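# Structural characterization, general
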Amino acid sequence: MKNRSVHIINIIPPQKKSLLLTCTAVLCVSVSLRAQDTDLLKRLNDSMMATAKTVYVSGTFKGTRIINTQSVEMPAKQELLFSIMHRFGKINDGAYQFFGLDNATMRMGFEYGITDYITAGIGRSTFQKTFDGFLKVRLLRQTASGGHIPFSLTALGGLNHNTIKYTNKPYMNARYRTDYVTQLLIARKLTRNLSLQLSPTWLHYNLVPEHRDHNDVFVLAAGGRMKITRRSSINVDFCYIPPNQTPSVKVYHSLSAGFDIETGGHVFQVHVTNSQGMTEPLFMGRTTGSWGKGDIYFGFNIYRSFKLGKK
Amino acid sequence: MKKWILVHCLFVNVLNAGAQLYVTKTGFTGFYSKTPMEDIKAENNQVYAAVDLSKRTIAFSMLLKGFLFRKELMQEHFNENYVESDQYPRATFSGTFSGNIDRVGQQAVVIEVTGKISLHGVIKEFSTPATIEIHNGTLTGKSNFQLIPRDFNISIPSLVRDKIARQIDVVINITCKPLK
């Protein structure tokens, strides 16, 4: 710049040099005087935009479950989630059973973030004294900016193992007591308030009630949440089970509706559902309650987060 | 000819004045909330800052998602519920400073920074003392001050009221290189 100005000066007749230079100098001074502090900020923001990193969407759901179905949310690395899930009895049990509140089944569980992308979970349900375990792996994360991934994708594999003692079923060995679940969880946060998830599911039962019942059952679950305040949302969770897979038992689609509220390290979920089971082989493939008949269970999930390890 | 030299000097001066711009993309901003119930800290090491010594202007810009907390859940709540970083991704400051910076090459100089903070959609007039220092061509700027979340329309629910300080301590620390 400096060299070029000198070069121009040498080829211009002397009488015009001073005029030109004066003009140039005045122009430069006026430009520099006009430059306000906001220009500095604008330059910073432009430079920040130019080197923007990928930003991922956060808070697609508040909890690691929409209601019954697991959500794409996972605990962070070295974060431990302790969950207590409760389902009371059926509302149509009537006043004598205090509309179901006298009878409760529960599941206690832990979920731990091995990394930000892998979660291991274990749980124990009172129903049939069932242990369950699962592994969740995050494959894709929806990007907010600086990327082009339109949805989050998580794979889930798990098993159920019941340990209830039967006096009349001597054939019940470990194999017959075990059921499996394999799921893809596909979710998109459409707006800051609305998130939807689609969860194609493959269930495998080692033991089915009758020969004509399928061991492999396929279910398509869909769920979503709509935030109503910054810290609460309304959730719906529906599991569509295509017909004729379990002909010996009348199974219903699982439908749940509830309300989430989060406070600090807790998430509370209260809901009504026609499923009493709280693991996938139970609520997805073995829901025997019918909304139409009033087989509605009141329930809640509570999550508490603990941060293990230093950062 | 004399005129020519004079004007040319002026021109060169203007160019040199531009070289008094110091910038960084890795500045530090931390904020700290201390209560008997819980200590919270969040730190951002990707703060963009620019200091123009000739015009005595200063600017900061940082992504709120760049603040790292010890607990990721807290970080998520900070972004989702408090600063709403999906709607207001950046916190910025732009302003001017006053103070005797003639000796800034030799020692740390106390300056008074005045300008506007923009956070969570609220723009607020703000003023704080700070120090700047130039050593081996590197400008170091430091400042500590306090901000009140309510001033920026950041509401804190009553359930966690006792866990978050009324006034948040903010620490700024930038190390800038001259812009080439």
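Residues numbered from 1 in each chain as written. Chains lettered and ligands numbered in written order. Predicted model: local features only at pLDDT ≥ 70, side-chain atom pairs only at ≥ 80, totals over all residues. Heavy atoms only, no water.

Here we take up the overall build of chain B. Counting its secondary structure elements, chain B contains 2 helices and 9 strands. From first element to last, N terminus to C terminus, chain B shows the α and β order α-β-β-β-β-α-β-β-β-β-β. Buried positions account for 48% of the 180 residues belonging to chain B. Pairs at least 24 apart in sequence give 58% of the contacts found in chain B among residues at least 6 apart. (Helix = DSSP H or I, 4+ residues; strand = E, 2+ residues; numbered from the N terminus. Buried < 20%, exposed > 50% of the residue type's maximum accessible area, 1.4 Å probe, protein only. Contact = heavy atoms within 4.5 Å.)

Turning next to the packing of aromatic side chains. Here a ring pair, both rings aromatic, is described through the centre-centre distance and the interplanar angle of the planes. In the structure shown here, the tally under the stated rule is 12 aromatic pairs over all chains. Arranged with centres 5.9 Å apart and planes meeting at 75°, the rings of F31 of chain B and F69 of chain B form a pair that is edge-to-face. With a gap of 38 residues between them, F31 of chain B in strand β1 (residues 21-34) and F69 of chain B in strand β4 (residues 68-69) connect regions that are remote in the sequence. Here F31 of chain B matches F69 of chain B in class, with each residue buried. Joined through ring pairs, the aromatic side chains of F31, F67, F69 and F78 of chain B make up one cluster. For the cation-ring pair, K250 of chain A lies above Y252 of chain A, with the distance from its terminal atom to the ring centre recorded as 5.1 Å. Against the face of Y205 of chain A rests R286 of chain A, its NZ or CZ located 3.9 Å from the ring centre. (Phe/Tyr/Trp six-rings, centres within 6.5 Å; stacked < 30°, edge-to-face > 60°. Lys NZ or Arg CZ within 6 Å of the ring centre and 35° of its normal.)

Residue and element names in this part refer to chain A. Pairing in this closed barrel of 12 strands is antiparallel, and the strands run β2-β3-β4-β5-β7-β8-β9-β10-β11-β12-β13-β14 around the ring. Averaged over all pairs of adjacent strands, the angle between strand axes in this sheet comes to 20°, irrespective of strand direction. As paired strands, strand β5 (residues 130-140) and strand β7 (residues 152-162) are joined by 10 bridges and run antiparallel to one another. Paired with F131 across the two strands is H161, which belongs to β7. (Pairing = 2+ DSSP bridges. Axes fitted to C-alpha atoms, helices over the stretch in contact; angles between N-to-C directions.)

The next subject is the environment of K62 of chain A. All names here are of chain A. Tracing the backbone shows K62 in the loop between β1 (55-56) and β2 (79-90). Taking the relative accessible area as the measure of exposure, K62 reaches 13% and is therefore buried. A C-alpha to C-alpha distance of 23 Å links K62 and S125, two positions 63 residues apart in sequence. Dropping the residues within four chain positions of it, K62 is found in contact with R225, K227, R230, R231, S232, S233, D260, E262 and V267.

One finds L53 and F60 of chain B to be the most contacted residues of the largest nonpolar core, which totals 45 residues. The contact partners of L53 of chain B, leaving out residues within four places of it in the chain, are Q20, Y22, F97, I101, V104, I132, I134 and L139 of chain B. (Core = buried A, V, L, I, M, F, W, Y, C linked by side-chain atoms within 4.5 Å.)

This next bit is on the side chain of S275 of chain A. Residue and element names in this part refer to chain A. Mapped onto the elements, S275 comes out in the loop between β13 (266-273) and α4 (280-283). Accessibility expressed as a relative area gives 1% for S275, which makes it buried. Here S254 takes part through its side chain, which lies 2.7 Å from a polar atom of the side chain of S275. Within the local environment of S275, its side chain forms a polar contact with the side chain of T287, the two groups lying 2.7 Å apart. (Polar contact = N/O pair within 3.5 Å; in protein donor to acceptor, adjacent residues only side chain to side chain.)

Residue and element names in this part refer to chain A. For chain A, per-residue confidence averages 88 on the pLDDT scale, and 87% of positions sit at 70 or higher. Below a pLDDT of 50 lies the segment residues 1-12, which in the model reaches 15 contacts outside its immediate sequence neighbourhood of four places, other chains included. The low-confidence segment residues 28-35 (pLDDT under 50) makes 6 contacts with residues lying over four places distant or belonging to another chain. (pLDDT = per-residue confidence, 0-100.)

Here we come to the pairing of strand β8 (residues 138-147) of chain B. All names here are of chain B. Of the strand pairs in this sheet, strand β7 (residues 122-135) and β8 are connected by 5 bridges, and their pairing is antiparallel. Note on β8: the bridge partner recorded for E133 is T140. Taking the residues that link successive antiparallel strands as the turn, the β7-β8 hairpin has 2 residues, and the phi of N136 there is positive, at about 50°. Pairing of β8 with strand β9 (residues 168-178), which is carried by 9 bridges, proceeds in the antiparallel orientation. Residue pairing in the sheet places K142 in a bridge with N173 of β9.

Moving on, we get to the environment of T246 of chain A. Residues and elements named next belong to chain A. Within the fold, T246 resides in the loop between β11 (232-240) and β12 (254-263). Taking the C-alpha atoms as reference points, T246 and V72, 174 residues apart in sequence, are found 28 Å from one another. If near-sequence neighbours (up to four positions away) are discounted, T246 is found in contact with D213, V217, V251 and R286.

Attention now goes to helix α2 (residues 72-82) of chain B. Of all 11 residues that make up α2 of chain B, 9 are buried, and the element is covered over most of its length. Considering only its buried residues, α2 of chain B is in contact with β8 (178-189), β10 (216-229), β12 and β14 (297-307) of chain A together with β1 and β4 of chain B. Positive backbone phi, at 50°, marks E84 of chain B, one or two positions downstream of α2 of chain B.

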